[in-house]
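So the chains spell out like this:
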Amino acid sequence: MPRDYLTEFLPDLEEFRQKTIQFHNGQLTAAQYKSFSGGFGSYAQRGGQKHMLRLRMAGGRLTRERLGFVIDSCEKYGIDWLKITTCQSLQLHDLSPDILCGLMEEAWRAGMISRGGGGDFPRNVMASPLSGVQQDELFDVMPYAEAAGEYLMNFIKSVRFPRKLKVCFSNSPSNVTHATFRDLGFVAKPDRTFDVYAAGGLGVKPLLGICVAGKVPPEDIFCHIKAMIDTFVTYGNYENRGKSRSRFLQETLGADRLVSAYQDKLDKALKTELKLKIQEKTVNKQEAGQAPFDRRLLPQKQEGLYSVFYQPPGGCLSFQKALRLYQLTKSMDDVEIRLTPGEGLYVINCNAREACLLLEETADGAGTLFETSVACIGAGICQVGIGDSQALLNSCIQAVRQENFPDGTLPRIHISGCPSSCGTHQSAALGFRGGMKQTPDGPKSAFAVFEGGCSHQGREILAETGKSILTELIPDFLVELGKMVLSQNTTYDKWILTHHRQLRELIDKYAA
């Protein structure tokens, strides 16, 4: 992070300290404090006694230096665990107010400015986590994501946004960052240009994005970011917070007027904004050796190098595991960690020997597709959460493990504790959204079922919402679903193509 941003933001920390003190003295309500602290990438946890700090890192690049800082901070302040988010950020939890303010300043000075990590600001810029090493990628988008992340810091204090703005980059049609349905998405093309999508998003009234420009030269990405910002600020809803996201521009302007408005802003930006110049990095590590087959081991496009995948349940990474990863990788040339939008991580640029060491160390992670399921932090910690996403995921994993289903029998599920879709449930083949359900014994915790979502470029579908199932019954629902799929000797993704009615009937059974 350039020093000029650090110098610009450091004076803000004193106000943050004062507001935090006022909150704990009862001078600010939880809502008042939340509206302020979010802009610093921090929120009070449920109950108001502890805090969370969200560290920005464009593209989820948890470099050796960043991981070293996190490890030192955990040891210094007694932090036991970390949360990987679906926006490729890292959250530090259970921070007392005196720890929070000091840690925030130290993180900023270490190059991880949390400003804009929450609230009505440009959020962490996302990128395909295997960008630069993925065998079938169209081209490496990581340098552009990092440049975009720095560029967006210019607008933290200079622009008042209607609501948050999420920008992302995709390097292949797998579209793991949801670039075609974010506020602004850059989608790589085979000719090393981008198609640009805008005004999409999940949450309440989700929408796929609209393609507002095609064959965009990478050097013009700043112009397109500026065009989207100007479009959002000009036409965004500042009066109704519930409609203050960019996707509602499709409702107020319509698709054609939105594209026209964007192009008008773009024409102006192309005359004023700097062209981006990027020197793409190359990996010069040359290694011989063949690693053994493992489903968590991905050969890279660099011959002889591998990426090792690790998914801690629900994206909750223990300090001890983070420490071991740091100890193992700190002396490995060119090796770094990439956080994924699915709350997991890759350790990239490993030779065969290094990959074997890391596979052994991470053997306690997800062993099947189902165990890579996604869950937001949930109502156990989040102030606005309704359902306890983490508790539900843990109970589901335990129930399914007892059945010993073959891999693929159940899909990866996505769980959000509330309509905000932090667990990206609307993009999932099978998703759940927390809420309450009236029963003869009064209201009980339940999750609405979403099914049929797909994020693959060209096949994007947002999951449809269905009936709600009591939280306590969802593990049984998944076990019975797994048995139905297993009886056909197939996998869920194939089974659902011809058995959609049976899925609906099973949902009806458990929702009754």
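Residues numbered from 1 in each chain as written. Predicted model: local features only at pLDDT ≥ 70, side-chain atom pairs only at ≥ 80, totals over all residues. Heavy atoms only, no water.

Participant: Can you explain the overall build of the chain? Please cite residues and give values.
Facilitator: Along the backbone of the chain there are 15 helices and 20 strands. Along the longest, intermediate and shortest principal axes, the C-alpha atoms of the chain span 60 × 60 × 50 Å. Across the 512 residues of the chain, 59% fall into the buried class. Sequence-distant contacts in the chain: of pairs separated by 6 or more residues, those separated by 24 or more amount to 68%. (Helix = DSSP H or I, 4+ residues; strand = E, 2+ residues; numbered from the N terminus. Buried < 20%, exposed > 50% of the residue type's maximum accessible area, 1.4 Å probe, protein only. Contact = heavy atoms within 4.5 Å.)

Participant: Give me the lowdown on the sheet that holds strand E1 (residues 42-44), citing residues and values where you can.
Facilitator: Across the sheet, which stays open at both edges, the five strands sit in the order E1-E2-E5-E4-E13 with antiparallel pairing between neighbours. Unpaired on one side and paired on the other, E1 and strand E13 (316-318) mark the two borders of the sheet. Adjacent strand axes in the sheet meet at a mean angle of 25° when their direction is disregarded. Across three bridges, E1 lies against strand E2 (residues 51-55) in antiparallel orientation. Considered in E2, the bridge of Tyr43 is made with Met52. In the packing of helix H5 (residues 97-109) onto the sheet, the strands contacted are E1, E2 and strand E5 (90-95), and the crossing angle to E2 comes to about 10°. (Pairing = 2+ DSSP bridges. Axes fitted to C-alpha atoms, helices over the stretch in contact; angles between N-to-C directions.)

Participant: Residue-level account of unusual backbone geometry, with values.
Facilitator: A negative phi angle characterises most non-glycine residues, just as the trans form characterises most peptide bonds. Of note in this structure, Lys205 is not a glycine but carries a positive phi near 50°. Within the chain, Asn489 stands out as a residue other than glycine whose phi angle is a positive 55°. Since its relative accessible area comes to 72%, Asn489 is described here as exposed.

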